[in-house]
Every structure is written in C-alpha cells, then in structure tokens.
Amino acid sequence: MIFKSKKYKTWSIASIIVGGIIFIPLLFVLEGFADGTNENIEHIQEYVLPDLIYTTLRLIIGVSIVSILLGLPAAYFIANFDFPLRKILERANVLPLSVPTYIMGFVYASIFSVTGSFTKLAMFFFTPKEIFAWDVNVLTEGWLIVFLGFALYPYVYSSCLLHFSSKNKSISEAAATLGVSPLRRFFTLILPLALPSILAGTVLIIMEVINDYGAVSYFNVKTFSAGIFQAKQMDFSGSLYLSALLFVVITMVFGSLFVFRNMKRVNDKKNHSNFTLKPLKGGTGALVSFLSFLPFFLGFIVPITELIHLSFFTPKSLVQDDLWSITLQSFELALIPALIIVVISLLLLYNKYLNRGPLSNFIANISTLGYAIPGAVIGVAILGFAFFMDEEGDFYSWGIQSLFLLSLAYIIRFMAVGYNTLESNFASLPDSLPDASRVLGKSSFITFFKVHFPILKYGIFTTFAVVTIDVLKDLPLTLILQRFNFETLATKAYKKAKVAESVIDAAPYALLLIALGVSVSLVLMRSKKTSDDVSKG
C-alpha cells in the first residue's frame, strides 16, 4: 500500500501534489544534457569548465578553512569557559550571517581602496608615498576567500557551539582527571568528536559559496555560478548545460552525505547538567575574550561601521526618491512567496506528523531540495520550464512580467528555510492529539485549527519573518528572473556597487538589508531562549 494509514490519506495526497509542483520544475534543468553538444558546449567543455571547477574548489576549501579557524575556537571557548563578555559574544557571533556575502565583499573592497578608510587611517602614521608603495589590491581570489570567511564562519560556530555545549563533557572531564593536558585533550579527544558538527557547518558553507554570485562577480572570480550567468548572456544552451552538470553533482554529493549521516548517527545523550564553566581571569581571560570577539568584529562591526560611515555621504535625493519605494516594492515581492512557503511547510509537516513513515519523509526531502541547489541553477531551470510550457514565449513573457516565475523560484529555493524553521515547533506537539481528536469525532483539519494552530502560531510568525528576509536578501534568482526596470534592495545594492561603482550609493540599501536580518536573528534568539526555558521548566 502506498499510504500507511487511510485515516489521513487526504494530507498525503495533498503533500504529494504540492511536492511535485515544487520539485518537477527543477528537472527541466536536465534538458541541458538532452540536446547533445554544439559548438558552444564543446568550447565550454574544453576551455571553460576546467577553470570553473578548479576555481570553485579552491574557493570552497579556502572559505571552509577560514570559517573553521574563526568559528571553532570561539565556539569552544564560549561553551567551556567563563570570561568577560562571554554571554554577549555567545549571541553576537551569529550576527555576521545577517550580512550577505556580496555586501561583505564590496564593503571590504571599499575599505582597502585608494580612497577607503584603511588608506585614510594609514595617513596618520605613514606618508602617502609609503602607503601607495604597498600597492594593496584586495580584489583577488585570496582576499575574497578571507572576506567570505568573515561572513560564513557562524555556520561552523553555531553547529560547534551546540556540540560543545551539550555533548561529551563527561568524557572530557574524565580525561582531565587522568592528567591529560588541556591541549592534548583538545586535539586527541574533543576535536575528533566535534568533526560531525564541523562537517555540518562546513556543508552549509559549501552551499553558500557555490550559490554566491554577487561577491565573486564583484571580485571577478570565475566560479560555477558566475560561469552560468556569463554563459546565459551568450547562449542559453551553454548555461543550461552548466546548470545541469552542477545540479547532478550537487544532488549526488549531498544525497551521499545524507545517507552517510544517517548511517553514522550515534546516540549522544546530553550530560552537561552538572557541568560548570571554568572561570578565566586576568591575562588568560582577556586573551580568550579577544579571540572570541575578533570574528564578530571582523564579520559584523567592521562592515556595519563602514556602511554607516559611507551612508553619511549618500545623496539625500537618492534616499528620499529611491530607497523607500524600492523597499516597499521588495516587500511586496517577498511577502507572497513567504506566505506560500509557510502554508506548504505546514502541510508537509502536518502530513509527516499524522502519517509517520518513509513516504512523508521522502515528500518532505524532495520538497526542500531546492536550498542545496544554487540560485543560478534554479533560475535556469525555471527558464527551461517556461520555454517548455510555451515555445512561442507567451508564458515566459507573462511569467517574467507578472513575477510568477520569480516567485516560483523563491518558493523552490527557500522551502527548506521555512520547513526547517517550523519543524522544531512540530517536535513539541503531543503524539496522542490526532487519535484523541478522532475519538471525539473531530476531523484532522478542525483539530489543526482548534488545537495545533494556537500552539504553533508564534513559530509560524517567526518562520514567515525568516523566509521574508531570506527572499529580500536573494541576489542570483532575482537577477536572472526579474522583469525590466524592476529592482529589489539586494539588486539595487549590488548594481550600485558593481555597475555604478559607488559603494556610497549602495550603503543605505545594504544597511537596511542587514538591519532586517539582525531583527530576525534577534527574534530567533528570543524564540530559542523561550523554548529552552520551557524545556527546563
């Protein structure tokens, strides 16, 4: 039987239909393999593809290393020691995620430019001749790796902080009683046990690096996403071929990682109830505070300070005439996909809650696959879908002008964000509620609105806010599928910095995007604190 239980078959059927609507458009990217090879594809295979692969791999490895070096020590110190500013830094080190990678890139490029803040500060200590002799050029692949690390290290920090705070502390304490030195204990015991958490954070970093287009385009680094954009401008078949290739590789790699994670899953029980943080004072406490503060300083304080400084020089006419209208336009675009994502996430999770089994899990997995796929690939897949629906181009024209194709792409891309944010709320629902409701003669639909919805409403609001901000920050999808003369905060900030070469004009848009991201981060922190307090109580 397809359905494990006939009681809630309607929810399963609805989930299958919705999951198919979300997943099937992605398959149109495989058309890149169906047309065979032409002269353009042969040129890409021979001259372009090797460079795209090597550059993307270098960027992935470099950014991962920088992120681990920044995030891992901070997570370990904060989870195990009590030092000045610890409580503040515990939450502050998540905030760099609110700075999009393309904003991080062009802000640091502005800082180290000839007329940037670094040059102006250096003028107090060195002569202009000495400064220009340094010939500082940060628009290189190496510096881009560093700057992306500043933006993405919170992924490693968050996963490692959770690990260090909740697992294997009794093992570390036992090793300490046996006289094992702290340094040896860290490298031989603590670090190997943290490898799954490091890998989890690194996987998210890899996804972000592959997806990034704004920063690599600004720094003129040719990654896969940049190659897809460049090929699209010359010949759609080349862009479709690169997208199909990347889609297959990512699906295989992340599918293997998912299977490996399930095979290697271990039952680590929390054992930190009696664990107390070791106090650090004096020079040691100051050093640990500095090392934990440094990533936050580089990833948040520096770019925010620079953007605030630059915004004072932004023409007032730009802010008055352009900023608020584009902000309103951006929200109008983001709210509908965010609402649809929340509704579909509720459907998938409620079906999984009612019909526990492999089918509901499979539907949820394919529906949330889009977040692992780069935005450029999804954008090209949606274009392939539009051309398939109507070879005359009428559907494509309508889809672009009405923003239907862009909204569909947002739903595919950010479904996992809504689903994962809301999933933790469903975990708190009692398993006995559906059967108890059936005994009382109530349908599952009525039970959801009468019983479950009041419990989930705060989580639903949080999910809606998170998805809305993620849509607002998106750049690759919007650049591919936006209609003519339509801008969002993200595209405007990028084009002001990249095309107009004016980071000053981009500063207000970038600041507003970051402020929205910070507000959602604070809401999530408050939500997590509330749930932790409830679980402890």
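Since we're looking at a predicted model, the values are computed, not measured. The numbers attached to residues start from 1 for each chain and follow its sequence in the written order. Local features in a predicted model are, by the rule used here, given only for residues with pLDDT of at least 70; side-chain atom pairs are given and counted only at 80 or more, and totals for whole chains, interfaces and linings are based on all residues. Computation of side-chain values: all heavy atoms of the structure, hydrogens and water removed.

A helix here means a DSSP run of H or I that spans at least four residues, while a strand means a run of E at least two residues long, and both kinds are numbered starting from the N terminus. Secondary structure summary: the protein contains 24 helices and 2 strands in total. In this scheme, a residue with accessible area under 20% of its type's maximum is buried, one over 50% is exposed, and one in between is partly exposed, where area comes from a 1.4 Å probe on protein chains only. Here the protein holds 537 residues, and the buried ones make up 52% of them. Only the protein chains shown count as covering a residue, and every accessible area follows the Shrake-Rupley method with a 1.4 Å probe. Carbon and sulfur atoms form 66% of the exposed surface of the protein, whose accessible area is close to 26400 Å².

Okay, the confidence of the model for the protein next. Averaged over the protein, the pLDDT score is 84; the fraction of residues at 70 or greater is 86%. Each residue carries a pLDDT score, the predictor's own confidence in it, on a scale running from 0 to 100. Here a residue-residue contact requires only that any non-hydrogen atoms of the pair lie within 4.5 Å. Confidence drops under a pLDDT of 50 for residues 1–5, and excluding neighbours within four residues, the segment shows 9 contacts in the predicted structure. Below pLDDT 50 for its whole length, residues 263–273 participates in 12 contacts with residues either more than four positions away or in separate chains.

The criterion for an aromatic pair is that two Phe, Tyr or Trp rings (for Trp, the six-membered ring) have centres within 6.5 Å, with stacked assigned to planes under 30 degrees apart, edge-to-face to planes over 60 apart and tilted to the rest. Within the structure shown, the criterion is met by 28 aromatic pairs. Note on Phe77 and Phe81: the rings are 6.3 Å apart at their centroids and 50° apart in plane angle, and the pair reads as tilted. Using a relative accessible area of 17% as the deciding quantity, one classes Phe77 as buried. Counting as a charge over the ring demands two things of the Lys NZ or Arg CZ atom: a distance within 6 Å of the ring centre and an angle within 35 degrees of the ring normal. The residue whose ring lies beneath Arg413 is Tyr371, and the NZ or CZ to ring-centre distance is 4.7 Å.

Its identity as a non-glycine residue notwithstanding, Asn220 has a phi of 55°, on the positive side. The topology assignment puts Asn220 in the loop between α11 (214–218) and α12 (224–234). On the accessibility criterion, Asn220 (54% relative accessible area) is exposed. Phi is positive for Asn485, which is not a glycine, with a value near 65°.

When the charged atoms of two side chains lie near each other, side chains of opposite charge can form a pair. The rule for a salt bridge is simple: a side-chain nitrogen of Lys or Arg has to be within 4 Å of a carboxyl oxygen of Asp or Glu. Applying the stated rule across the entire model yields 5 salt bridges. Residues Glu90 and Arg86 are paired through a salt bridge, measuring 3.9 Å at the closest nitrogen-oxygen approach. In this pair, Glu90 and Arg86 both sit in helix α4 (residues 86–92), 4 residues apart, roughly one turn of the helix. Among the ionic pairs, Lys352 bridges to Glu423, the shortest N-O distance being 3.5 Å. Note that Lys352 is positioned in helix α15 (residues 316–354) and Glu423 in helix α19 (residues 404–426), a separation of 71 residues in sequence. Judged by relative accessible area, Lys352 falls into the partly exposed class, the value being 25%.

Ranked by size, the top nonpolar core spans 169 residues in total, and within it Ile103, Phe106, Phe164, Leu242 and Phe426 carry the most contacts. A total of 16 residues in this core trace back to one element, the largest contributor, which is helix α3 (residues 39–80). Once residues lying within four places of it in the same chain are set aside, the contact partners of Leu242 are Ile44, Leu49, Leu52, Phe224, Gly227, Ile228 and Ala231. Buried residues of nine kinds, namely Ala, Val, Leu, Ile, Met, Phe, Trp, Tyr and Cys, make up a nonpolar core once their side-chain atoms join them within 4.5 Å.

What follows covers a nonpolar patch on the surface. Patch membership needs two things, relative accessible area over 30% and no salt bridge, and members are linked within 9 Å if like-charged or within 5 Å if nonpolar (Val, Leu, Ile, Met, Phe, Trp, Tyr). Taken together, the side chains of Phe118, Leu121, Phe124, Phe125, Phe126, Trp134 and Val136 make up a nonpolar region of the molecular surface, amounting to roughly 760 Å² of accessible area. Residue placement: Trp134 occurs in helix α7 (residues 128–134).

This part covers the side chain of Thr368. Within the secondary structure layout, Thr368 lies in the loop between α16 (358–367) and α17 (375–389). The contacts of Thr368, once residues within four sequence positions are left out, are Met415, Ala416 and Tyr419.

So, on to the packing of α17 against α19. The axes used here are C-alpha line fits, helices contributing only the stretch in contact, and every angle between their N-to-C directions lies in the interval 0 to 180 degrees. Axis separation between α17 and α19 bottoms out at 10 Å; the angle between their running directions is 130°. Viewed along their axes, α17 and α19 adopt a mutual orientation that is oblique. Viewed along their axes, α17 and α19 form a crossing whose handedness is right-handed. The residues of α19 that touch α17, namely those facing Ile378, Ile382, Phe385 and Ala386, are Leu405, Leu408, Ala409, Ile412 and Arg413. A breakdown of the residues in the contact of α17 with α19 according to their chemical character gives 8 nonpolar, no polar and 1 charged. Put simply, angles under 35 degrees are roughly parallel, angles over 145 are roughly antiparallel, angles from 65 to 115 are roughly perpendicular, and the rest are oblique. Crossing handedness: left-handed means the near helix sits turned counterclockwise from the far one by under a right angle, and right-handed means the same turn made clockwise. Residues are grouped as follows: Ala, Val, Leu, Ile, Met, Phe, Trp, Tyr, Cys and Pro are nonpolar; Asp, Glu, Lys and Arg are charged; every other residue, Gly included, is polar.

Within the secondary structure, Ser424 is located in helix α19. Its relative accessible area of 53% is what places Ser424 among the exposed residues. For the pair Ser424 and Gly459, spaced 35 residues apart in sequence, the C-alpha to C-alpha distance is 8.6 Å.

Below, the discussion takes up the environment of Leu472. In this structure, Leu472 sits in helix α21 (residues 444–473). Placed 145 residues apart in sequence, Leu472 and Thr327 show a C-alpha to C-alpha distance of 9.3 Å. Not counting residues up to four positions away in its chain, the partners in contact with Leu472 are Ser330, Phe331, Ala334, Ala490, Leu513 and Leu516.

Right, let's get into helix α23 (residues 489–498). Within α23, 8 of the 10 residues are buried, which leaves the element mostly enclosed by the surrounding structure. Where α23 is concerned, the buried positions are Leu489, Ala490, Thr491, Lys492, Ala493, Tyr494, Lys496 and Ala497.

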